[in-house]
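# Results of the structural survey
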Amino acid sequence: MFKRSMMILLLLATVAGGGLMYGYSEQEAALKLDAGESRATEAASQKVTVYVTGAVNNPGVVTLAEGSRIGDAVNSCGGVLPTGDAERINMAQVLKDGQKINVPEKDQAAKALGGSKAKAAGPGSSKKGELININTADAQTLDSLPGVGPSTAQKIIDYRETEGAFQDINDLKKIKGIGEAKFAKLKDKICI
């Protein structure tokens, strides 16, 4: 009878040990699965998707690694066409998810002015007849525009630093204090 009791006790201990091992292995599998899902979510959040248009070989939507630059997006679309003006966009700017990048044509500013050969002004220039580049002009040059004072000039610079370069001159209307009337006075004096 003692042998029978020992066998039953040993059998119960084996079953209990096996149950514990099975439960532990199932818990490990569940933890691994949870960790795998969080890594997949992190990997998805480390990508940015941008829309590249204008003077590029293959315009369209591209997905790149987070921290990529505008130059990377343009190169993913086959690079700038010979008619494109890569000097008018900041190729080193870090991409933001959902951003639209427009590579302008070289003669787009002249076309906007009815074919005249107006030149874009540099950061310190505001000669009569020259366009002021709102992406590169300093506060003093922006202040020389009609209806733009020192505070509005600073708002334009702050916008460039936080949101990136202006992609279109109409984006200037996103600045608080620049409405349709003020923009109408500015549009023939600015470029990007």
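These lines cover the structure that appears in this document, whether it is placed above or below. (Residues numbered from 1 in each chain as written. Predicted model: local features only at pLDDT ≥ 70, side-chain atom pairs only at ≥ 80, totals over all residues. Heavy atoms only, no water.)

Secondary structure assignment for the chain yields six helices and six strands. Taken from the N to the C terminus, the helices and strands of the chain come in the order α-β-β-α-β-α-β-β-α-α-α-β. Looking at the 192 residues of the chain, the share that counts as buried comes to 31%. If you take every contact in the chain between residues at least 6 apart in sequence, the share linking residues at least 24 apart comes to 41%. (Helix = DSSP H or I, 4+ residues; strand = E, 2+ residues; numbered from the N terminus. Buried < 20%, exposed > 50% of the residue type's maximum accessible area, 1.4 Å probe, protein only. Contact = heavy atoms within 4.5 Å.)

The next subject is the packing of aromatic side chains. The final tally for this structure, using the stated rule, is one aromatic pair. With centroids separated by 4.9 Å and ring planes inclined at 20°, the aromatic side chains of Tyr159 and Phe166 adopt a geometry described as stacked. Pair check on accessibility: Tyr159 and Phe166 agree, each one buried. (Phe/Tyr/Trp six-rings, centres within 6.5 Å; stacked < 30°, edge-to-face > 60°.)

All right, on to the pairing of strand S3 (residues 100–103) then. The alternating pattern of S3 places Ile101 and Val103 on a buried face and Lys100 and Asn102 on a face that is not buried. Taken together, the four bridges between strand S1 (residues 47–54) and S3 define a ladder with parallel strand orientation. Paired with Thr53 across the strands is Asn102, a residue of S3. (Pairing = 2+ DSSP bridges.)

Attention now goes to the nonpolar core. Leu142, Phe166 and Leu172 are the most contacted members of the largest nonpolar core, which has 18 residues in total. Elements with a contribution of two residues or more to this core: helix H5 (150–163) and helix H6 (180–186). In terms of residues, this core owes the most to one element, H5, which gives four residues. When near neighbours in sequence (up to four residues on either side) are disregarded, Leu172 contacts Ile134, Ile156, Phe166, Ile178, Phe183, Leu186 and Ile190. In terms of nonpolar packing, the next biggest core, distinct from the first, is built from 15 residues, Val50, Ala55, Ile70 and Cys77 among them. (Core = buried A, V, L, I, M, F, W, Y, C linked by side-chain atoms within 4.5 Å.)

There is a patch of nonpolar side chains on the surface, built from Phe2, Met6 and Leu9 and spanning about 360 Å² of accessible area. Structurally, the position occupied by Phe2 is in helix H1 (residues 2–45). Accessibility expressed as a relative area gives 64% for Phe2, which makes it exposed. (Patch = residues over 30% accessible without salt bridge, like charges linked within 9 Å, V, L, I, M, F, W, Y side chains within 5 Å. Areas by Shrake-Rupley, 256 points an atom, 1.4 Å probe, with all protein chains shown as cover. Salt bridge = Lys/Arg side-chain N within 4 Å of Asp/Glu carboxyl O.)

Below, the discussion takes up H5. Taking 1.5 Å of rise per residue, 14 residues should cover 20 Å, and H5 covers 20 Å from first to last C-alpha, within 8% of that figure. Listed in full, the buried residues belonging to H5 are Thr152, Ala153, Ile156, Ile157, Tyr159 and Arg160. Down the axis of H5, the smallest arc covering the buried residues is 155°, so these residues share one side. Along H5, the residues that are exposed and aim more than 90 degrees away from the buried face are Pro150, Glu161 and Thr162. A positive phi of about 95° marks Gly164, the residue just after H5. (Expected span 1.5 Å × (residues − 1). Arc of directions from axis to C-beta.)

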